[in-house]
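Here are the chains, one letter per residue:
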Amino acid sequence: MIRIESISRTFGTFQALADVSGEVRHGEVIVLCGPSGSGKSTLLRTINRLEDVSSGRILFDGQDIADRTVDINRLRRRIGFVFQQYNLFPHLSALQNITIGLTKIRGMKAAEAREKAMDLLARFGLSHRAANMPGQLSGGEQQRVAIVRAIAFDPEVMLFDEPTSALDAEMVGEVLGIMRELAASGMTMMCATHEMGFARNVAERIWFMDKGRIELDATPDVFFGPEAGERAARFLGSLS
Amino acid sequence: MIEVLRDNWSFLLWGYFPNGPIGGLAMTLLIALASLAITFPFAIAMALARAMGPRWLRVAAATYVTVMRGIPLLMLLLWIYFFLPVALGFPLSPFVTIVIAIVIFQTAYLSEVIRAGIDALPYGQTEAALSLGLRKPVIVAKIILPQALFNVIPGIINQFTSVVKETSLAYVIALAELTYSASLINAQLMVKPLEVYLVLAMFYFVLCFSLSQVADMLDRSISAKRQASPAR
Amino acid sequence: MPKLDFSPIFSADYFPLLASGLKMTLLLFAAGWVFSMLLGMVLTLVRGIPFRPLGWLVAAYVEYQRNIPLLVHLFIWYFGVPQALPHWLNDWINQQNAEAFFAIVAIACYNAAYISEDMRSGLRAIPRVQFEAARAIGFTFVGAMRWIILPQAFRNALPALISQTLIIFKGTSLAAVIGVAELTYQARLIESETFRVFETFSVITIVYLAGTLPLMALGHHVERRGKTRSRA
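Residues numbered from 1 in each chain as written. Chains lettered and ligands numbered in written order. Predicted model: local features only at pLDDT ≥ 70, side-chain atom pairs only at ≥ 80, totals over all residues. Heavy atoms only, no water.

(A) Inspection of the sheet that holds strand S4 (residues 55-60) of chain A at higher detail. Residue and element names in this part refer to chain A. Taken together, four strands build an open sheet; the order of strands is S2-S1-S4-S5 and the sheet is antiparallel. Unpaired on one side and paired on the other, strand S2 (14-24) and strand S5 (63-64) mark the two borders of the sheet. Strand direction decides the pairing type here: S4 and S5, joined by two bridges, are antiparallel. Residue pairing in the sheet places Phe60 in a bridge with Gln63 of S5. Contacts from helix H1 (residues 40-47) reach strand S1 (2-11), S2 and S4 within the one sheet, and its direction differs from that of S1 by about 120°. (Pairing = 2+ DSSP bridges. Helix = DSSP H or I, 4+ residues; strand = E, 2+ residues; numbered from the N terminus. Contact = heavy atoms within 4.5 Å. Axes fitted to C-alpha atoms, helices over the stretch in contact; angles between N-to-C directions.)

As structure tokens, then:
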């Protein structure tokens, strides 16, 4: 579904991504992990073109996303993106955060959009928060609403950029819960995260990144096992 | 425009002085400096009254500020010019009139600037001083005010810039500051109003722009100093 | 204490003057407000265009307007600009109320500069990631601006815009100096004929306050609402 072919990205003299290649198949859950600055976020952001690549190309469903004829906005509707800082729109309620995209971009009728949004909120236990403004929600609630906002478009793939890193420990669990549910329902997902429990239990493959390269592309068994390699082992050691 | 400037620059700068009364830019600065000097202590007193005075005093000060923010300066100037001499029983010179009007008006605004400076100080400052055993008036005078005033120096300069612009209202009471002087020149030349008033604008621009640049520079260096010390 | 007598002001001779003065003040305010908001928005948008010289032009305009007193701007427009305009245009303007026309132009140009700066601050207060989040959902550039960025910018700028509205309202009083028959002008006129200084000025002052106090209350309300919103 997504094929990444030798992409590199430099910011001035800093090489954020160096010759990264990989493939994400339909329904797969990939976890990106690695030390800070390893390029996990940058990689995710190149896939929905929040960042451009300096060289190489990315194919989404066989089509080069950097191609001129590609409508970037339509592409982004097929890709859901969840930010570390949730980035809900502060001037809109939780419900409106979800419906605004549905009505203004998808062209849904207001009633239809509200129904769909409420359904999704109910599915994830957030209906009582529909009318609240983001400022009145806890971090965990905000992030869950942000995830719902992304799912509302029925995307084909969900990208998570360190979704739990900005949350207090108690709230990490509820967000991971949603992500687990999504994975179980067959959603194609790429998650940059430090949550190794999630990686071990939910991921089909783990991409261990360091200094802009994928050092190891392996199943969780291999990654957490003895053959993982020195750098991976050191990284895992540094986490505990 | 160059001719207008070349022929009248000295009149615009200092009027008939030394062969007559001061006028022009010199008079403008005189009014502005006198007003600011007199406003300053009143504004500090009012800021302190609002920040830490008894309730009745805070309400009175708040009312004063609200009224001054609610009426045009021109209206206040007319009050002082037409009514105050009647109430006091003796006439007031135009210079005194404009200075009184600006002082009464700006005390409200400047006190707000200073109050913001006082409020922005972390309460830890006062607490530290209290735990050292210092008394309230001393704390205010030696610890709170110096810091608050230092921090709002850019704000004070901005108010001074406003005062400079407000002196132009002295035109209405025929005091020969910069604007009135320009109008005299215009009355004399008759056919060059655009040139005359653009030259007038230029004088104000140079003065006020320089002041605001100084304020910006000081703002940057004061902010840098503030970053250095731990905030609340 | 001389006897206060308000009756002449409300008499048939002078009350119409008061009423027409109020009407003119409101006209100056409404027209001035609308045009300065429009011009201010245009200036902010122009500044957003990624072409540096345009940004400098707007910055130069803002500095020009802000560093020169409004009274001087009024003089330049009313006394100076007709000198440079073609005859037919001057004739047309004179057929309308030339004084009011130029007063509105001067007020609009002056306040637009401040308003564009307020809007710019409102825009700058929005973190860049909001724009990214909007685009990540699939909003186009225009869509993101329209539904996500600009609404937030406006909310951020609202207290400053209300404050500027207050300034526009008070600024209308200066039009009296170039002969526009608004409230302050009428105050002087009525006072000079009835000799009731205190009464006339009191009434006019109260009328001004009737306009400014609600605006100030609105400003407080908006500011308080903004503060209680965010929790995280």
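(B) Seen up close, the pattern of salt bridges. Applying the stated criterion across every chain yields a total of 22 salt bridges over all chains. Here Glu181 of chain A and Arg123 of chain A are joined by a salt bridge, their closest N and O atoms 4.0 Å apart. Within this pair, whereas Glu181 of chain A is found in helix H6 (residues 169-184), its partner Arg123 of chain A is found in helix H4 (residues 110-123), the two being separated by 58 residues in sequence. A residue is classified by how much of its surface remains accessible, and Glu181 of chain A, at 37% relative accessible area, is partly exposed. Each of the salt bridges in this network shares a partner with another, and the network as a whole consists of Arg9, Arg45 and Glu51 of chain A together with Glu132 of chain C. (Salt bridge = Lys/Arg side-chain N within 4 Å of Asp/Glu carboxyl O. Buried < 20%, exposed > 50% of the residue type's maximum accessible area, 1.4 Å probe, protein only.)

(C) Representation of the environment of Asp168 of chain A. Here Asp168 of chain A shows up in the loop between strand S7 (157-161) and H6. Here the alpha-carbon distance between Asp168 of chain A and Arg123 of chain A, two residues 45 residues apart in the chain, equals 23 Å.

(D) View of the confidence of the model for chain B. In the predicted model, chain B carries a mean pLDDT of 87, and 97% of its residues have values of at least 70. Of the two predicted TM-score estimates for the complex, the pTM is 0.81 and the ipTM is 0.88. (pLDDT = per-residue confidence, 0-100.)

(E) The arrangement of the packing of helix H4 (residues 73-88) of chain B against helix H9 (residues 183-194) of chain C in detail. Closest axis-to-axis distance for the H4 of chain B/H9 of chain C pair is 10 Å, and the angle between their directions is 20°. Here H4 of chain B lies roughly parallel to H9 of chain C, going by the angle between them. Where H4 of chain B crosses over H9 of chain C, the handedness of that crossing is right-handed. Of H9 of chain C, the residues touching H4 of chain B (which contributes Leu74, Met75, Leu78 and Phe82 of chain B) are Thr184, Ala187, Arg188 and Glu191 of chain C. Residue composition of the contact of H4 of chain B with H9 of chain C, grouped by class: five nonpolar, one polar and two charged. (Parallel < 35°, antiparallel > 145°, perpendicular 65-115°, else oblique. Left-handed = near helix turned anticlockwise from the far one by under 90°. Nonpolar A, V, L, I, M, F, W, Y, C, P; charged D, E, K, R; others polar.)

(F) Quick peek at the arrangement of the chains. Sorting the two pairs of chains in contact by contact count puts chains B and C at the top. Looking at chain A next to chain B, you find no contact at all, with the nearest C-alpha pair sitting 23 Å apart.

(G) Here's a closer look at the interface of chain C and chain B. Listed as interface residues are 37 residues of chain C and, on the opposing side, 35 residues of chain B. Joining chain C to chain B, the criterion identifies zero salt bridges. Linking chain C with chain B are nine residue pairs in polar contact (both at pLDDT 80 or more). Going through the elements one at a time, helix H3 (52-66), helix H4 (70-84), helix H6 (98-124), helix H8 (141-171), H9 and helix H10 (197-229) of chain C are the ones with two or more residues in the side of chain C that touches chain B. The element that contributes the greatest number of residues to the side of chain C that touches chain B is H10 of chain C, accounting for eleven residues. Residue classes in the side of chain C that touches chain B are distributed as 24 nonpolar, eight polar and five charged. (Polar contact = N/O pair within 3.5 Å; in protein donor to acceptor, adjacent residues only side chain to side chain.)

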